[in-house]
Amino acid sequence: MSQNPPTLEQRKLSPLNNLIFASRWLQLPLYLGLILAQCVYVFHFWVELKDLIGAAFGNADSLQHILEAVGMTSGPKKLTETTIMLVVLGLIDVVMISNLLIMVIVGGYETFVSRMNLEGHPDQPEWLSHVNASVLKTKLAMAIIGISSIHLLKTFINAANYSDRVLIAQTVIHIAFLLSALAISWTDRITTATHHQPKQH
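First, a word on scope: everything that follows refers to the structure included in this document.

Looking at the packing of helix α2 (residues 28-56) against helix α4 (residues 81-112)
One can describe the packing of α2 onto α4 by two numbers: an axis separation of 10 Å at closest approach and a directional angle of 165 degrees. By the angle class used here, α2 and α4 are roughly antiparallel. Of the two elements, α2 crosses α4, and the hand of that crossing is left-handed. Tallied by class, the residues present in the contact of α2 with α4 amount to 22 nonpolar, 4 polar and 1 charged.

Some points on the nonpolar core
Core analysis: the biggest nonpolar cluster contains 9 residues, these being Leu-52, Ala-55, Leu-63, Ile-66, Leu-67, Val-70, Met-72, Leu-86 and Val-87. Taken together, the elements giving at least two residues each to this core come down to α2, α3 (60-70) and α4. The leading source of residues in this core is α3, at 4 residues. Each residue touching Val-70, except ones within four places of it in the same chain, is listed here: Thr-83, Leu-86, Val-87 and Asn-158. Listed in part, the 5 residues of the second largest apolar core include Ile-97, Leu-100, Met-103 and Ile-147.

Some words on a nonpolar patch on the surface
Side chains of Leu-16, Leu-19 and Ile-20 sit close together on the surface and give an oily, nonpolar patch of about 330 Å² of accessible area. Mapped onto the elements of the fold, Ile-20 is located in helix α1 (residues 15-22). The exposed category is assigned to Ile-20, whose relative accessible area is 51%.

Some remarks on α3
Turning to α3, its buried residues number three or more, namely Ser-62, Leu-63, Ile-66, Leu-67 and Val-70. For α3, the buried positions fall inside an angular range of 135 degrees around the axis, keeping them on one side. Turned more than 90 degrees away from the buried face of α3, the exposed residues are Ala-60, Asp-61 and Glu-68. On its buried face, α3 sits against α2 and α4.

Quick word on the packing of aromatic side chains
Inspection of the entire model under this criterion finds 3 aromatic pairs. For the pair Trp-25 and Tyr-109, a centre-to-centre distance of 6.4 Å together with 70 degrees between the ring planes defines the contact as edge-to-face. Remark: Tyr-109 occurs in helix α4 and Trp-25 occurs in the loop between α1 and α2; sequence separation between them is 84 residues. Among the residues examined, Trp-25 registers a relative accessible area of 37% and is labelled partly exposed. Assessed through its relative accessible area of 19%, Tyr-109 is described here as buried. Taken together, a centroid distance of 6.3 Å and an interplanar angle of 85 degrees make the contact between Tyr-31 and Tyr-109 edge-to-face.

Examining the environment of Met-72
Mapped onto the elements of the fold, Met-72 is located in the loop between α3 and α4. In this view, Met-72 contacts Leu-67, Lys-77, Thr-83, Leu-86, Asn-158 and Asn-161; residues no more than four positions away in its chain are not counted.

Cut-off values and rules
- Residues numbered from 1 in each chain as written.
- Predicted model: local features only at pLDDT ≥ 70, side-chain atom pairs only at ≥ 80, totals over all residues.
- Heavy atoms only, no water.
- Axes fitted to C-alpha atoms, helices over the stretch in contact; angles between N-to-C directions.
- Helix = DSSP H or I, 4+ residues; strand = E, 2+ residues; numbered from the N terminus.
- Parallel < 35°, antiparallel > 145°, perpendicular 65-115°, else oblique.
- Left-handed = near helix turned anticlockwise from the far one by under 90°.
- Nonpolar A, V, L, I, M, F, W, Y, C, P; charged D, E, K, R; others polar.
- Core = buried A, V, L, I, M, F, W, Y, C linked by side-chain atoms within 4.5 Å.
- Buried < 20%, exposed > 50% of the residue type's maximum accessible area, 1.4 Å probe, protein only.
- Contact = heavy atoms within 4.5 Å.
- Patch = residues over 30% accessible without salt bridge, like charges linked within 9 Å, V, L, I, M, F, W, Y side chains within 5 Å.
- Areas by Shrake-Rupley, 256 points an atom, 1.4 Å probe, with all protein chains shown as cover.
- Salt bridge = Lys/Arg side-chain N within 4 Å of Asp/Glu carboxyl O.
- Arc of directions from axis to C-beta.
- Phe/Tyr/Trp six-rings, centres within 6.5 Å; stacked < 30°, edge-to-face > 60°.

And the structure:
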């Protein structure tokens, strides 16, 4: 006759094992710190947006801050289409980094600290339903590539204010991110295929 697996109450952890398992809660302050970093990004986003709107209405101080922020050291000291594009790309960059923070905070906490029991919640992220360390790693790699693409696009648009060395370095770094993401995806695919292979006796 088969026996039922022991329940949680029957599987009492030893004091040492319980201490080691409870040590995962030491990561909680780290995730709380990332939430504070998220707040800083929200503040930075609204400061940049306020300056962009102010520059559009002719505010000289806002225009000067915008030009310094995008690195427009040469060219006309006015709000041009290129300047607006660079500022908007900067705002998109902030949003993408914020999305990256959310993935790390929510996915990392769910994977390494404690279940959040979001099943059935209308706002549960689709990717969180099957998140694990491997999935989280792949999604973070893709998010980093997106952020790097925005930075590279900003540099190319404003290429006149950058040296050839900077342009080449950023391009090489972006290619390195792409190759790293491909390597992570390839390794994950091999690992998944190995786990799904039937065991031979």
